[in-house]
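A structural walkthrough
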Amino acid sequence: MSDRIEIQHEGNETKGRYFTSVGGAAREAELTWRAEGNVRHATHTFVPTEARGKGLAAKLVKAMIEDAKEQDFRIAPDCSYVEGYFRRHPELSDLRA
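Residues numbered from 1 in each chain as written. Predicted model: local features only at pLDDT ≥ 70, side-chain atom pairs only at ≥ 80, totals over all residues. Heavy atoms only, no water.

What to know about the pattern of salt bridges
Heads up, the rule is: Here a salt bridge means any side-chain nitrogen of Lys or Arg lying within 4 Å of a carboxyl oxygen belonging to Asp or Glu. Helical segments are the DSSP runs of H or I of at least four residues, strand segments are the runs of E of at least two, and each set is numbered from the N terminus. The cut-offs for exposure are 20% and 50% of the maximum accessible area for each residue type, with area from a 1.4 Å probe on protein chains only; residues under the lower value are buried, those over the upper are exposed, and the others partly exposed.
According to the stated counting rule, one finds nine salt bridges in the structure shown. A salt bridge links E28 to R17, with the shortest nitrogen-to-oxygen separation between them at 2.8 Å. With E28 in the loop between β2 (15–20) and β3 (29–36) and R17 in strand β2, this pair connects stretches of sequence that are 11 residues apart. Judged by relative accessible area, R17 falls into the buried class, the value being 16%. Its salt-bridge partner being R96, residue E83 comes within 2.6 Å of it at the nearest N-O pair. Within this pair, whereas E83 is found in helix α2 (residues 80–88), its partner R96 is found in the segment after α2, the two being separated by 13 residues in sequence. E83 sits in the partly exposed class, given a relative accessible area of 23%. Since its relative accessible area comes to 28%, R96 is described here as partly exposed.

Digging into the environment of F19
Selection rule: Contacts are assigned to residue pairs that have any heavy atoms within 4.5 Å of one another.
One can find F19 in strand β2. Distance in space between the C-alpha atoms of F19 and R88 is 22 Å, their sequence separation being 69 residues. Those residues in contact with F19 that lie beyond four places of it in its chain are E6, I7, Q8, H9, E10, E28, A29, E30 and L60.

What about the pairing of strand β1 (residues 8–11)?
Which entries qualify depends on this criterion: Only when DSSP finds a minimum of two bridges between them are two strands counted as paired.
Pairing of β1 with β2 involves four bridges; the strand directions are antiparallel. Looking at β2, one finds that Q8 is bridged to F19. Where β1 folds back onto β2 in an antiparallel hairpin, the turn is made up of three residues.

A short note on the sheet that holds β2
Inclusion rule: What counts as an axis is a line fitted to C-alpha atoms, over the stretch in contact for a helix, and the angles between N-to-C directions run from 0 to 180 degrees.
Across the sheet, which stays open at both edges, the five strands sit in the order β1-β2-β3-β4-β5 with mixed pairing between neighbours. With one partner strand each, in any of the chains shown, β1 and β5 (74–76) form the two edges of the open sheet. When the angles between neighbouring strand axes are averaged without regard to direction, this sheet yields 30°. Direction of pairing for strand β4 (residues 39–46) relative to β5: parallel, over a ladder of three bridges. Each residue of the ladder has a partner; that of H41, found in β5, is A76. Strand contacts of α2: β3, β4 and β5, with the helix running at about 110° to β4, the strand carrying the most contacts.

Okay, structure coming up:
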């Protein structure tokens, strides 16, 4: 898996996801969210078994964090992976809801 993975985003003002296809896997890697006002609740992160341990989940979270900075929303880490990411990166506490 290279660093050239393209994270895509789809959704609307109430829910969405960040995702990328994974070669050889039936499902895409994804981070889903739902919005409540100016907060996006990161509800679930999934990476296919074939791609685990390669930093793909972190790339999904980073894409959401970049959007939070650009679009001025905060992230509620409802999913355990995103919760752990924020715990490991206290410098991002201003983005945490």
